[in-house]
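Inside the fold
Residue-level listing of the chains:
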Amino acid sequence: MIGKLTGRLDYRAADHVLIDVRGVGYLVYCSDRTMAALPGVGEAISIYTDMVVREDLMQLYGFLSLVEKEWHRLLCSVQGVGAKVSLAILSALGPDGVSRAIALGDWATVKAAKGVGPKTAQRIVLDLKDKAPGVMAMGGTVTEAMDGPALDVIEPAGPTPISKRKPKPPSGAAAASAGALSALANLGYSPSDAATAVAEAAASLPDAEETDLIRAALKLLAPKG
């Protein structure tokens, strides 16, 4: 299986790119959000991939982070959800948005993605709700594929030099949620309750740091009455 590609972006289309890895071209299909974040043609690129192999198909799908890749894998495990629907959901919500919607049981938000009906959205939330805490926790340890030092892509000498993509600053939202989730787990809250509270807190405080999310989540978890 091909889990990651590092090379040069050779071509961009509406929903896929061609990545040249030492003379071998790989077609990789991506969500709209991922496509928007990719570098320009001729620039260095590193991207996580998931490979689908069937009798009539062999296709690669690309992701900026392992969290996004894991949600794609889980979404595709739901009955009636294929790669196209999964990418539509990730395009509409992004991996953090998927985490929040599923942790909160918010199937209406999932339904907002193109091609997702109410029954499919409800099935996704029902089947994956218990998986949300584990994926949200990944946000504290997983960096984006294109973060870090600029990539040095070794290619045969040619007239056109390969430009290097500057590292993209990592988003702190996923890390803050993961840290808050870990703190609540250490306090004895169940993964499901903690994930729901953190997701609700993150939805109301999108720019909050870890400590702010913990305080807000604890208020939500406090006994009522």
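In this text, all values refer to a predicted model and were calculated from it rather than measured experimentally.

**As for the sheet that holds strand β5 (residues 57-63)**
Strand pairing in a sheet is mediated by backbone hydrogen bonds. Such pairs are either parallel or antiparallel. The sheet built from five strands closes into a barrel, its strands ordered β1-β2-β3-β5-β4 with mixed pairing. This sheet shows a mean twist of 55 degrees between the axes of neighbouring strands, independent of strand direction. As defined by bridge partners, strand β1 (residues 4-12) adjoins strand β2 (residues 16-21) across four bridges and the pair is classed as antiparallel. Within the sheet, the bridge partner assigned to R8 lies in β2 and is D20. Here helix α2 (residues 66-76) sits on the sheet in contact with β4 (44-54) and β5, set at roughly 15 degrees to β4. Where helix α3 (residues 83-103) meets the sheet, it contacts β3 (24-30) and β5, and its direction lies at approximately 15 degrees from that of β5.

**What about the packing of aromatic side chains?**
As enumerated under the stated definition, the model contains one aromatic pair in all. Taken together, a centroid distance of 6.3 Å and an interplanar angle of 50 degrees make the contact between Y29 and Y61 tilted. On the criterion of sequence distance, the pair formed by Y29 in strand β3 and Y61 in strand β5 is long-range, its members being 32 residues apart.

Rules and cut-offs
Residues numbered from 1 in each chain as written. Predicted model: local features only at pLDDT ≥ 70, side-chain atom pairs only at ≥ 80, totals over all residues. Heavy atoms only, no water. Pairing = 2+ DSSP bridges. Helix = DSSP H or I, 4+ residues; strand = E, 2+ residues; numbered from the N terminus. Axes fitted to C-alpha atoms, helices over the stretch in contact; angles between N-to-C directions. Contact = heavy atoms within 4.5 Å. Phe/Tyr/Trp six-rings, centres within 6.5 Å; stacked < 30°, edge-to-face > 60°.

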